[in-house]
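Letter by letter, the chains look like this.
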Amino acid sequence: LVGARMRALGAAATQAASAQAGTPYASDFEPPPAKFYCSSLVEWAFGVAAGEKSVFLPPGLTFKLLFEPLGFWERYYHGLNQSLPVNVSGSNPTLLLHSPAVRFTTLRPEDVVANL
């Protein structure tokens, strides 16, 4: 995470996310907190820690969910007996990766083992 503020939020965000263990997965990508998908849990937890809706996007900016390739997502939502959402915002791993608040570095296997 970039910046002292974001790094300081890490422990509180981890605690908020950990408290959601057992919460259902949002296979329909609905927003938290009743259920979560991968990046929505990360964004939600940091928002709780910061007391803000989003710490990964500049204020007032939202990320429109993109459903590409369209045919895949139409079939996916059809399988859920739902219509494909239109004009909804949310989160996704690419949003987090390209946020100015995040810097991607390579994770080495020895780093993972050392932190277990």
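You'll find the structure just up there.
Quantities reported herein were computed from a predicted structural model and do not represent experimental measurements.

The rules behind the values
- Residues numbered from 1 in each chain as written.
- Predicted model: local features only at pLDDT ≥ 70, side-chain atom pairs only at ≥ 80, totals over all residues.
- Heavy atoms only, no water.
- Core = buried A, V, L, I, M, F, W, Y, C linked by side-chain atoms within 4.5 Å.
- Buried < 20%, exposed > 50% of the residue type's maximum accessible area, 1.4 Å probe, protein only.
- Helix = DSSP H or I, 4+ residues; strand = E, 2+ residues; numbered from the N terminus.
- Contact = heavy atoms within 4.5 Å.
- Polar contact = N/O pair within 3.5 Å; in protein donor to acceptor, adjacent residues only side chain to side chain.
- Salt bridge = Lys/Arg side-chain N within 4 Å of Asp/Glu carboxyl O.

(A) The nonpolar core, seen in detail. M6, L9, A13, A16, A45, F46, V55, F56, L96 and A101 together form the largest nonpolar core, which totals 10 residues. Counting residues per element, the ones that place at least two in this core are α1 (4-18) and α2 (38-50). No other element matches α1, which puts 4 residues into this core.

(B) Quick peek at the side chain of S39. For S39, the position within the fold is in helix α2. Not counting chain neighbours up to four residues away, the residues in contact with S39 comprise S91, N92, P93 and L96.

(C) Seen up close, the environment of D28. Here D28 is to be found in the loop between α1 and α2. Note on D28: relative accessible area 7%, which makes it buried. Measuring from C-alpha to C-alpha, the distance between D28 and P85 comes to 9.2 Å, with 57 residues separating the pair along the chain. Contact partners of D28, with chain neighbours within four places excluded, come to K35, Y77, L80 and Q82. A distance of 3.2 Å separates the side chain of D28 from the backbone nitrogen of E30, its partner in a polar contact. Of note is the side chain of D28, whose polar atom sits 3.0 Å from the side chain of K35.

(D) Quick look at the pattern of salt bridges. In total, this model carries 2 salt bridges according to the counting rule given. Between E52 and R5 there is a salt bridge, with its nearest N and O atoms 2.5 Å apart. In this pair, E52 sits in the loop between α2 and α3 (70-79) while R5 sits in helix α1, placing the two residues 47 residues apart along the sequence. On the basis of relative accessible area, E52 is assigned to the partly exposed category, the value being 37%. Among the salt bridges present, the one from K35 reaches D28, with a minimum N-O distance of 3.0 Å. Assessed through its relative accessible area of 26%, K35 is described here as partly exposed.

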